[in-house]
Amino acid sequence: MRYSGFKVIKEALSGHKGWKPAWREPDPKPHYDIVIIGGGGHGLATAHYLAKVYKQKNIAVIEKGWIGGGNVGRNTTIIRSNYLLDGNEPFYEFSLKLWEGLEQDLNYNAMVSQRGIMNLIHSDAQRDAFVRRGNAMILNGADAEYLNEAQIRKEYPFLKFDDQRFPIKGGLAQRRGGTVRHDAVAWGYARSADSHGVDIIQNCEVTGFKIENGVCKGIETSRGFIGADKVGCAVAGNSGRLMGMAGMRLPIESHVLQAFVSEGLKPVLPGVITFGAGHFYVSQSDKGGLVFGGDLDGYNSYAQRGNLPVVEDVCEGGMAIMPMIGRARLLRMWGGIMDMSMDGSPYIDKTHIEGLYFNGGWCYGGFKATPASGYTFAHLLANDTPHETATAYRLDRYKTGHMIDEKGQGNQPNLH
Amino acid sequence: MIINHPLLGPRDSAEFVYMGDARLIERPDPESDTVAEQFHDYAYLRDNPAGTLRELWFHEGGDRSWLVVTRDTRTHEISKVELARDVARSKGRSK
Ligand SMILES: Cc1cc2nc3c(=O)[nH]c(=O)nc-3n(C[C@H](O)[C@H](O)[C@H](O)COP(=O)(O)OP(=O)(O)OC[C@H]3O[C@@H](n4cnc5c(N)ncnc54)[C@H](O)[C@@H]3O)c2cc1C
């Protein structure tokens, strides 16, 4: 069923009796050509592009809970392509371009809103670094714009410009950045993948791999064995756990990141603001809630909830940069488990086990990557060669000395 | 989260800096034949279980000692706290 304005009117006039479920609920088949583990944004996008772009058949997505219950439905919904390094920027710009055409591609309203994102600048050194980054973005075909203090005052008059420690001196804006309704991304990809014949199997936990002589033959699940020629893993925060079942230790630690939403307000915040120096970022959802977040809790965690010291820290960041936020009440907050990598950049690669492929290490920036991650992972699964925008995301890059460390933090995952 | 420091008693975890997987105590032998491989694994691969993990915490806002904390990563329940110094010594390291 295609969605359209005409369809909405027709259903409105006929009592909304004609809507059908957006995807089927099939039982697992004994064997698939390609099995994707993880029904988050990345797994579902991979299935969509495998079927639609790479014309693969006989595909399943295996999800232990319900689709969209992981990080894809827990993030703060920001999309952007404002990276510095060559290994990253072409990939994220490819992703942003896919976002721009996503709703037409999926025939699904994901509420992609290019309301712009702005990184605030507080010192000369920071200005130099951001201008350099802006130039790298432009060289890679993305948009970037340097704004001075007066220009920011015009767009965001309510920010705290004269703070003693972090006075606002300028900003790096990316006008094409913005926000997307996160659950709709999972649902839209699921619906499209399903319509191309992909089986989406929920409530089915992967409990092991069948590996014989270095070749992966399939997966053990809570609903029995499922054979597969190729298995792609995209389980985000559970990467360490899942790949451990295949005997792998990964360059990843799992950490919890929290998100916060205030009560609904009238429109007050036009775009996305990031206050990197104080570890705080904020946007306003279409329902009116201020959506904001900050740092990781900082220690390995599989608990999908955070602790109070970080709540305090995030709220202090908000008060420091946007004092009016103190008048809004916090409505809800939650946590998600991040697959933090050793250099802050992801992996999309084959493993040393034949037929087993890995996608992970997204840290807290994997939502914006969803379309490109799915596209390039599908490319790898279909062709056994990396997509041209994802050649740097190798699992062995620390061995070969090709780490992609945007912040220059080194191998300390909780600092990325 | 409260960490029961072996010397100072119960302390707020916010006084500490986190370093992760306590295997970092076990620095490989720099004279070994497979030194590159071993240092790669040492520096970049991590145990990352959902369950019991032994991990390093540095008491930066306190006595600046390193601790090995055994904690469940699902519940944050701490079952054991040792001085990293004692752990290293028990593995035959001097000083
Ligand atoms: C609070 C928060 C804020 C964030 N903010 C942003 C942001 O503003 N911008 C941005 O770009 N990114 C952001 N992120 C990061 C982004 O959400 C993630 O990097 C991205 O969603 C991860 O990919 P995914 O959608 O595939 O993950 P998930 O949705 O977590 O999908 C993984 C799926 O695998 C399933 N799974 C796990 N183990 C198994 C198993 N054994 N068997 C079967 N299934 C299994 C899980 O149930 C889950 O559904 C944020 C994350 C959080 C938590």
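Scroll up a little and you will see the structure.
Conventions adopted
- Residues numbered from 1 in each chain as written.
- Chains lettered and ligands numbered in written order.
- Predicted model: local features only at pLDDT ≥ 70, side-chain atom pairs only at ≥ 80, totals over all residues.
- Heavy atoms only, no water.
- Near = heavy atom within 4 Å.
- Polar contact = N/O pair within 3.5 Å; in protein donor to acceptor, adjacent residues only side chain to side chain.
- Areas by Shrake-Rupley, 256 points an atom, 1.4 Å probe, with all protein chains shown as cover.
- Helix = DSSP H or I, 4+ residues; strand = E, 2+ residues; numbered from the N terminus.
- Nonpolar A, V, L, I, M, F, W, Y, C, P; charged D, E, K, R; others polar.
- Contact = heavy atoms within 4.5 Å.
- Buried area = accessible area lost by both parts, 1.4 Å probe.
- Salt bridge = Lys/Arg side-chain N within 4 Å of Asp/Glu carboxyl O.
- Buried < 20%, exposed > 50% of the residue type's maximum accessible area, 1.4 Å probe, protein only.
- Phe/Tyr/Trp six-rings, centres within 6.5 Å; stacked < 30°, edge-to-face > 60°.
- Lys NZ or Arg CZ within 6 Å of the ring centre and 35° of its normal.
- Patch = residues over 30% accessible without salt bridge, like charges linked within 9 Å, V, L, I, M, F, W, Y side chains within 5 Å.

Asks: Can you help me understand the site of the ligand in this one?
Replies: All names here are of chain A. Taken together, 37 residues sit near the ligand, with Glu63, Asn71, Val72, Thr76 and Lys368 positioned nearest. Within the contact set of the ligand, an oxygen atom lies 2.7 Å away from a backbone nitrogen or oxygen of Asn71. At 2.7 Å from an oxygen atom of the ligand is found a main-chain nitrogen or oxygen belonging to Lys368. Expressed as a share of its isolated accessible area of 1,000 Å², the protein-covered part of the ligand is 96%. Of all the secondary-structure elements, those providing two or more residues to the shell around the ligand are α2 (41–52), β12 (252–264) and β16 (330–341). Here the shell around the ligand gets three residues from one element, more than from any other, and that element is β12. A class-by-class count of the residues in the shell around the ligand yields 17 nonpolar, 15 polar and five charged.

Asks: What exactly am I supposed to notice about the interface of chain A and chain B here?
Replies: By convention, interface size is frequently given as the accessible area that disappears when the constituent parts associate. In this assembly, 24 residues from chain A lie in contact with 23 residues from chain B. Between chain A and chain B, the buried area comes to about 2,200 Å², and carbon and sulfur atoms account for 50% of it. If you look at where chain A meets chain B, you find four salt bridges. A salt bridge links Arg249 of chain A to Asp21 of chain B, with the nearest nitrogen and oxygen atoms 3.6 Å apart. The interface formed by chain A and chain B includes 12 residue pairs in polar contact (both at pLDDT 80 or more). Taken together, the elements giving at least two residues each to the side of chain A that touches chain B come down to α8 (239–244), β12, β15 (289–300) and α11 (397–400) of chain A. Residue classes in the side of chain A that touches chain B are distributed as nine nonpolar, 10 polar and five charged.

Asks: Please explain the side chain of His59 of chain B as it appears in this structure.
Replies: Residues and elements named next belong to chain B. Along the chain, His59 falls in the loop between β4 (52–58) and β5 (66–72). Note on His59: relative accessible area 0%, which makes it buried. Sequence-distant contacts of His59, defined by excluding residues within four places in its chain, comprise His5, Leu8, Arg11, Glu15, Phe16, Arg64 and Ser65.

Asks: Got a minute to help me understand the packing of aromatic side chains in this structure?
Replies: For any pair of aromatic rings, geometry is given as the distance between the ring centres together with the angle between the planes. In total, this model carries 24 aromatic pairs over all chains according to the counting rule given. Between Tyr299 of chain A and Trp57 of chain B, the ring centres sit 5.8 Å apart and the planes meet at 35°, which makes this aromatic pair tilted. Of the two residues, Tyr299 of chain A sits in strand β15 while Trp57 of chain B sits in strand β4, which places them in two different chains. Classification of Tyr299 of chain A as buried rests on a relative accessible area of 6%. Residues Tyr398 of chain A and Tyr44 of chain B carry aromatic rings whose centres are separated by 4.5 Å and whose planes lie at 15° to one another, so their mutual orientation is stacked. One end of the pair, Tyr398 of chain A, is in helix α11; the other, Tyr44 of chain B, is in helix α1 (residues 35–44), on a second chain. This pair shows no difference in class: Tyr398 of chain A is buried, exactly as Tyr44 of chain B is. Of the aromatic side chains, those joined through ring pairs into one cluster are Tyr49, Tyr54, Phe94, Tyr189 and Tyr375 of chain A. Stacked on the ring of Phe161 of chain A, the Lys or Arg Arg153 of chain A has its end atom at 4.3 Å from the ring centre. Positioned above the aromatic ring of Phe225 of chain A, the side-chain terminus of Lys210 of chain A is 5.0 Å from the ring centre.

Asks: Sorry if this is basic, but what is going on with a nonpolar patch on the surface here?
Replies: Nonpolar side chains collect at one region of the surface, where Met1, Val8 and Trp19 of chain A lie side by side and expose about 270 Å² of accessible area between them. Assignment of secondary structure puts Met1 of chain A in the segment before α1 (5–13).

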